[in-house]
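Architecture at a glance
Now for the letters of each chain:
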Amino acid sequence: MKFLASTLAVSLAFALPAIAQDDPLPSWNDGDTKSAIIAFVESVTDDDSDTFVDEDARIATFDNDGTLWVEQPMYTQLAFAFDRVKAMADDHPEWKTTQPFQAVLDGDMKALGEAGDKGLLEIVAATHSGMSTEDFASITTDWLATAKHPKFDRPYTELIYQPMLELLDYLRDNDFETFIVSGGGIEFMRPWTEEVYDIPPQQIVGSSITTEFKMVDGKPVLMRTDKIDFIDDKAGKPVGINSHIGRRPIAAFGNSDGDFEMLQYTTIGADGPRLGAFVHHTDADREYAYDRDTHFGKLDKGLDAAAENGWLLIDMKNDWKTIFPN
């Protein structure tokens, strides 16, 4: 009996790590949400099932801000734009007395809030234009290498959600193509998403400003203008998906009402299995807790419509064992 007991103990010791490795989402707590995601993936990849989906149609789209990385206390690209205002201020002395730039330089959040979306677009236009796409990529990369989040004191590229990284890997292991579909700037994201998310530049859909082809010193360059070309948010997301990807996703993940139309486009009136999900920020201790009452990442309409449309609400506090990579 002792021999049998010892043999069983040794067998379990080797078996338990193998079982743990078989878990495709180890940072997710067991429960309805995790089970629903795994069941969906298994249903579309089982070639003996009526719900099987061909590999070339396995498209999954992900919002970025608040879905793949932190978006509070403000969108990361907005923090970048504010730092650009400060860095460029010596070349623009008029900004010291001109709103909304004065508000940024003075740290006057009340005045900045009063400037509204129009003021924010003005800041983005001034700080993101007048340079080549290559120069903008370098500026973005340099900023991300040094900038740190005010609450966590870590680089923004470390404040990505470990459970969502596992989900991206799990989908790709099952022959999904994963795309970012974000309201953020497409050229702001492309320099770093491949390294951070393993999502290459050609699989990024985002907002954009117009660019112009020019020959500069005998070399072809694309110059960034101060004119908005496309806003990839809300109803713009399905438009961006159609123009960039050319296929309707079978899975879409967001976190705010800005993703509402993307989830509608993915799940409603489509043949075959579909998955839509919102990351619900419920963890004030490990990250932030917010939904209806916030300027960044507001989840109101989507929160009400989730049950009706069969969309998952990923509860950050209860569904995730950890938030950020260690």
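For the structure, check the block above.
Here we summarise the structure given alongside this text. Bear in mind that the values here come from a model prediction, so they are computed numbers and not experimental data.

Thresholds, definitions, all that
Residues numbered from 1 in each chain as written. Predicted model: local features only at pLDDT ≥ 70, side-chain atom pairs only at ≥ 80, totals over all residues. Heavy atoms only, no water. Helix = DSSP H or I, 4+ residues; strand = E, 2+ residues; numbered from the N terminus. Contact = heavy atoms within 4.5 Å. Salt bridge = Lys/Arg side-chain N within 4 Å of Asp/Glu carboxyl O. Buried < 20%, exposed > 50% of the residue type's maximum accessible area, 1.4 Å probe, protein only. Axes fitted to C-alpha atoms, helices over the stretch in contact; angles between N-to-C directions. Parallel < 35°, antiparallel > 145°, perpendicular 65-115°, else oblique. Nonpolar A, V, L, I, M, F, W, Y, C, P; charged D, E, K, R; others polar. Core = buried A, V, L, I, M, F, W, Y, C linked by side-chain atoms within 4.5 Å. Phe/Tyr/Trp six-rings, centres within 6.5 Å; stacked < 30°, edge-to-face > 60°. Lys NZ or Arg CZ within 6 Å of the ring centre and 35° of its normal. Polar contact = N/O pair within 3.5 Å; in protein donor to acceptor, adjacent residues only side chain to side chain.

Here tyrosine 156 is to be found in the loop between α6 (133-146) and α7 (162-173). Here tyrosine 156 is in contact with Trp69, Thr76, Ala79, Trp143, Leu144, Ala147, Lys148, His149 and Pro150, once residues within four sequence places are set aside.

Before going further, it helps to spend a moment on the pattern of salt bridges. Scanning all chains against the criterion turns up 13 salt bridges. Here glutamate 187 makes a salt bridge to arginine 190, at a shortest N to O gap of 3.7 Å. Owing to a relative accessible area of 23%, glutamate 187 belongs among the partly exposed residues under this scheme. Here the salt bridges share partners, and the residues they tie into one network are Asp23, Asp30 and Lys34.

Here helix α10 (residues 236-244) crosses helix α11 (residues 260-267) at 55°, and the two axes come no closer than 7 Å. In terms of axis orientation, α10 runs oblique to α11. Of the residues in α11, those in contact with Lys237, Pro238, Ile241 and Asn242 of α10 are Glu261, Met262 and Tyr265. By residue class, the composition of the contact of α10 with α11 is 4 nonpolar, 1 polar and 2 charged.

Attention now goes to the nonpolar core. Counting 55 residues, the largest nonpolar core has Phe62, Met164, Leu167, Tyr197, Phe253 and Trp320 as its most contacted members. A per-element tally of this core places α7 first, with 6 residues. Excluding anything up to four places from it in sequence, methionine 164 contacts Trp28, Phe62, Thr67, Leu68, Phe253, Val279 and Trp320. Ile245, Phe260, Leu263 and Trp311 belong to the second-largest nonpolar core, a separate cluster that totals 16 residues.

For the rest of this paragraph, the subject is the packing of aromatic side chains. Inspection of every chain in the model, using the stated rule, returns 17 aromatic pairs. Between phenylalanine 40 and phenylalanine 176, the aromatic rings sit 6.5 Å apart at their centres with planes inclined by 50°, giving tilted as the arrangement. With a gap of 136 residues between them, phenylalanine 40 in helix α2 (residues 32-45) and phenylalanine 176 in the loop between α7 and β2 (177-185) connect regions that are remote in the sequence. Judged by relative accessible area, phenylalanine 176 falls into the buried class, the value being 4%. Pairing tryptophan 69 with tryptophan 192 gives two aromatic rings, centres 4.5 Å apart and planes at 25°, and the pair type is stacked. Of this pair, tryptophan 69 sits in the loop between β1 (59-62) and α3 (76-88) while tryptophan 192 sits in the loop between α8 (186-189) and α9 (193-197); the two residues are 123 residues apart in sequence, bridging distant segments of the chain. Each member of the pair, tryptophan 69 as well as tryptophan 192, carries the same accessibility label: buried. Grouped by ring-pair contacts, the aromatic residues Trp28, Phe152, Tyr161, Tyr288, Trp320 and Phe324 constitute a single cluster. Here the basic side chain of arginine 248 rests over the ring of tyrosine 265, its NZ or CZ set 5.0 Å away from the ring centre. Positioned above the aromatic ring of phenylalanine 260 is the side chain of lysine 301, whose terminal nitrogen or guanidinium carbon lies 4.5 Å from the ring centre.

Looking at the secondary structure, you find histidine 280 in strand β6 (residues 275-280). A distance of 2.9 Å separates a polar atom in the side chain of histidine 280 from a polar atom in the side chain of aspartate 291. Discounting residues that sit within four places of it in the chain, histidine 280 has contacts with Tyr290, Asp291, Leu299, Leu303, Ile314, Asp315 and Met316.

The linkage connecting glutamine 72 with the following residue, proline 73, adopts the cis geometry, with an omega of 0°. Its location among the elements puts proline 73 in the loop between β1 and α3. Residues other than glycine seldom take positive phi values, yet aspartate 153 does so here, at roughly 55°. Within the element layout of this structure, aspartate 153 appears in the loop between α6 and α7. For aspartate 198, which is not glycine, the phi torsion reads 60° and is therefore positive. Tracing the chain through its elements places aspartate 198 in the loop between α9 and β3 (204-216).

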